[in-house]
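Chain by chain, the residues:
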Amino acid sequence: MEQYNHLLVVLIWVLPVLIILTIITIIIRLISSKDRPCVDYPSNPLTAPSSSSSSPPGSWDVDPQSNPSTAPSSSSSASPPSSWDVFLSFHGKDTRGNFTAHLYKALHNAGIKTFMDEPQLRKGEEISVGLLNAIRGSKMCVVVLSENFAYSKWCLNELVEIISTYERTKGLVVVPVFYNVDPSDVRHRRKGFMEGLRSQRNNHSVEMINKWECALAAVGKLKGYHLKKDAGENEADIVQDIVKNAERLHASVKVHNDEHLFGVDSVVEDIYQKLRMESNDVRTIGICGMGGIGKTTIARAFYNTYRNQFPVSCFIENVKENLQGGKNLLWLLQQLLVKLLRNNDCRVTDVEGGIRQLKQILCFSKALIVLDDLDQSIPSELQIKFCSLSSPGSRIIFTTRDANLLNLLKIDIPEVDIYTVKKLGQNDSLELFSYHAFRKSMPPEMFRELSAEFVTYAGGLPLALKVLGSSLRGRNHVSFWEAKLIKVQKIPIDQIQEILQLSYDELDDETEKAIFLDIVFFFVGKDKDDAVYTFKSCDFYPDLGIPILEDRSLITVDEFNCLQMHNLIQDMGRKVAREEFNQGNGRYLRLYQENACERLQNLEGADHIELLVLDLTRSTARQLTTKIFRKLCKLRLLEIIDPHNIISGDFKTSCQELRCMRWSHCSWTSVNANFCSQKLVCLDMSYNRLDSSWKGPVLVFLSQHWRIHTHTGFTRLKYSLFAH
């Protein structure tokens, strides 16, 4: 009985102590795992049964758009921009020299951008910034789980970050490869994984061990590949299957384009209709327009929308820039083969060999090929080859600033279509500008009027709208906007001008450049025929030059036969002339300031001047004689705006090279007595004081063809053409 009493006492005192100790232990574990509980991670976006399933490797389906509905969400669910296609996580001693090395080489050869870390990236206790960014910037992570994986804190830290990114973002694909280990041992942390974690406990906190356990549990539940030791499985087959699925994921990724596009959808639809996408023949289209108008953006948008309808496709950017940088046609052919085959090991040693390889691809599969920014450096024969080699249903798109390139192509391939990109409309322009300035589709009320003025200045040019809007982002003071508007109107932004000037720099000869600059300063909004007569008298060959300027989208001719030009292109032309002037050999001069007369009198390098626009509307001078023009011995084009009749005198001994002259509010009463020029072909004397009895020129010493425009008062008189 006494023994039972002792046992009862022990139970009464010891049992509560044991219960209390158990409760304390549970509480400690709960607290240590509070920050990161082991969760039941959702299945991989590769959508397949578990890793223990009997389904064969390679049966998993890559769907980059799908995302598990049960995936945990967070405020940072958007994926970061991808800088890598595949990130490889592995234990170096186990697999660096065998399976992982073979996998990396196969991925690299397939054109898959793959991150395989080097030992020097693993320094210190924490995961390095380089590894962290590589994981977060990848589209797919392949985790090679091997026997000693859990013995490496680096492998475990990488795995925690991979699972964390997978949980947090939408779209990351995680593929485990169970290399000579059982998936259930990973999932339940048994055998080598249990021993590995146990070896870490002396050097790491309970919290860290718990994170590693949870990450192993999560990756063990994902479907992947199981390579069994001594099972005689062919690693090469597994490698190729991973590559194949990585290619499918890679192929689903769009060519980079602006996220927020305005006015592009309707253009993409227009191009779709022109290419007759439902037809089974080979169709080619050229997208042309001035620099900054959005040709590449439109081509990218079309490519991203329809590329999945083609077994093979490629988008090659900046062809002209690359070829001008010292690369040749072999580079272009090699890029085509690399992108179409997705194989970085493709090599082209000669043009004919490259075309033969290209033929082997294109004649069996319909393709979508986009070549961006072509010029005359690409032989038309090569472009024709692209079209003739392509199999039925293929579509080929070129972008270019030179419409004549496409006209030449039409000679051999009449089916080639041309799409000229138009300027953005007012509403789309305002939305694009507002997005880059405010990240909104409409500007706030206090900036709406100023925004409209910037949009008007940009003239529907997407490049200008983006640059201007971005330059004003975060600027919340109206005074800054007002000052910025004044500045850009006087000093165009270099980033815009450099793009536009490429078309000018690429003009073939000096006469084309001279025609362009003459139009910039003298003929915008003027009758094309007047310009043609003038240019012919200067031996500028306008019948060749003007169509070339139209092809390059530097000028247009409106329905009234007047020459027109985008205001930003005109600004670019003025900048070119200003740079010439600053170098001491300026040929173009426009004076409109209050001291215009004084500047003209003190002008240095007057013997270089070929074109002068003299606006005396704001002049403070009281009198100026025509003698001042005698030193302008090369002057071809002269415009005088003189509402105050400051200028007096005649041109009997001045300006013998003059071809075209405009003199608004001229004080002359007749032309014969005041003018003597053997080369004049066009005379415009608007708002003149010519005697009403004057019937026009009877000047037998003028050039063979010349035109005269007169305004008597505010009445426009019909001009006449006189022959010698």
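Everything quoted here is computed from the prediction, not taken from an experiment.

Caption draft 1: Just the overall build of the protein chain, in detail. From N to C terminus, the protein chain includes 26 helices and 21 strands. Expressed as a percentage of contacts within the protein chain between residues at least 6 apart in sequence, the contacts between residues at least 24 apart total 70%. As presented, the protein chain carries roughly 35,300 Å² of accessible surface, and 51% of it is formed by carbon and sulfur atoms.

Caption draft 2: Representation of the confidence of the model for the protein chain within the structure. For the protein chain, mean pLDDT is 78; residues scoring 70 or higher make up 79% of the total. Here strand β21 (residues 715-723) stands out as the element of the protein chain with the lowest mean pLDDT, 31, in contrast to helix α22 (residues 510-523), whose mean of 94 is the highest. Taken as a whole, residues 30-81 scores under 50 in pLDDT and shows 97 contacts with residues more than four places along the chain or in a different chain. For residues 709-724, every residue scores under 50 in pLDDT, and the model assigns this stretch 40 contacts once sequence neighbours within four places are set aside.

Caption draft 3: The arrangement of the packing of aromatic side chains in detail. Summed over the entire model, instances satisfying the criterion amount to 18 aromatic pairs. A centroid spacing of 5.2 Å and a plane angle of 10° characterise the contact between F87 and F115, whose relative ring orientation is stacked. Here the residue F87 occupies a position in strand β1 (residues 84-89), and F115 occupies one in strand β2 (residues 114-116), the gap between them amounting to 28 residues. Given a relative accessible area of 0%, F87 falls into the buried group. According to the relative accessible area criterion, F115 is buried, its value standing at 11%. Grouping aromatic residues by their ring pairs yields a cluster made of F433, F438, F447, F454 and W481. Here K366 stacks its cationic end above the ring of F310, 5.2 Å away from the centre of that ring. It is K422 that lies over the ring of Y419; its NZ or CZ is 5.7 Å from the centre.

Caption draft 4: Looking closely at the sheet that holds strand β5 (residues 225-227). The strand order across the open sheet built from five strands is β2-β1-β3-β4-β5, with neighbouring strands paired in parallel fashion. Looking at which strands have only one partner, the edges of the open sheet turn out to be β2 and β5. On average, each strand axis in the sheet is inclined to that of its neighbour by 20°, with strand direction left out of account. Inspection of the sheet shows strand β4 (residues 173-179) paired to β5 by three bridges, in the parallel sense. Residue F178 lies in a different strand from β5, and its bridge partner there is H226.

Caption draft 5: Structural view of the pattern of salt bridges. Under the definition given, this model contains 22 salt bridges. D85 is the salt-bridge partner of K139, the closest N and O atoms lying 2.6 Å from each other. Residue K139 is found in strand β3 (residues 138-145), and its partner D85 is found in strand β1; the two are separated by 54 residues along the sequence. Considered together, K139 and D85 belong to a single accessibility category, that of buried residues. Two residues, D185 and K191, come together in a salt bridge whose shortest N-O distance is 3.8 Å. Taking relative accessible area as the criterion, K191 reaches 59% and is therefore assigned exposed. A single network of salt bridges, built from pairs that share partners, joins D185, R190 and K191.

Reading the values: rules and limits
Residues numbered from 1 in each chain as written. Predicted model: local features only at pLDDT ≥ 70, side-chain atom pairs only at ≥ 80, totals over all residues. Heavy atoms only, no water. Helix = DSSP H or I, 4+ residues; strand = E, 2+ residues; numbered from the N terminus. Contact = heavy atoms within 4.5 Å. Areas by Shrake-Rupley, 256 points an atom, 1.4 Å probe, with all protein chains shown as cover. pLDDT = per-residue confidence, 0-100. Phe/Tyr/Trp six-rings, centres within 6.5 Å; stacked < 30°, edge-to-face > 60°. Buried < 20%, exposed > 50% of the residue type's maximum accessible area, 1.4 Å probe, protein only. Lys NZ or Arg CZ within 6 Å of the ring centre and 35° of its normal. Pairing = 2+ DSSP bridges. Axes fitted to C-alpha atoms, helices over the stretch in contact; angles between N-to-C directions. Salt bridge = Lys/Arg side-chain N within 4 Å of Asp/Glu carboxyl O.

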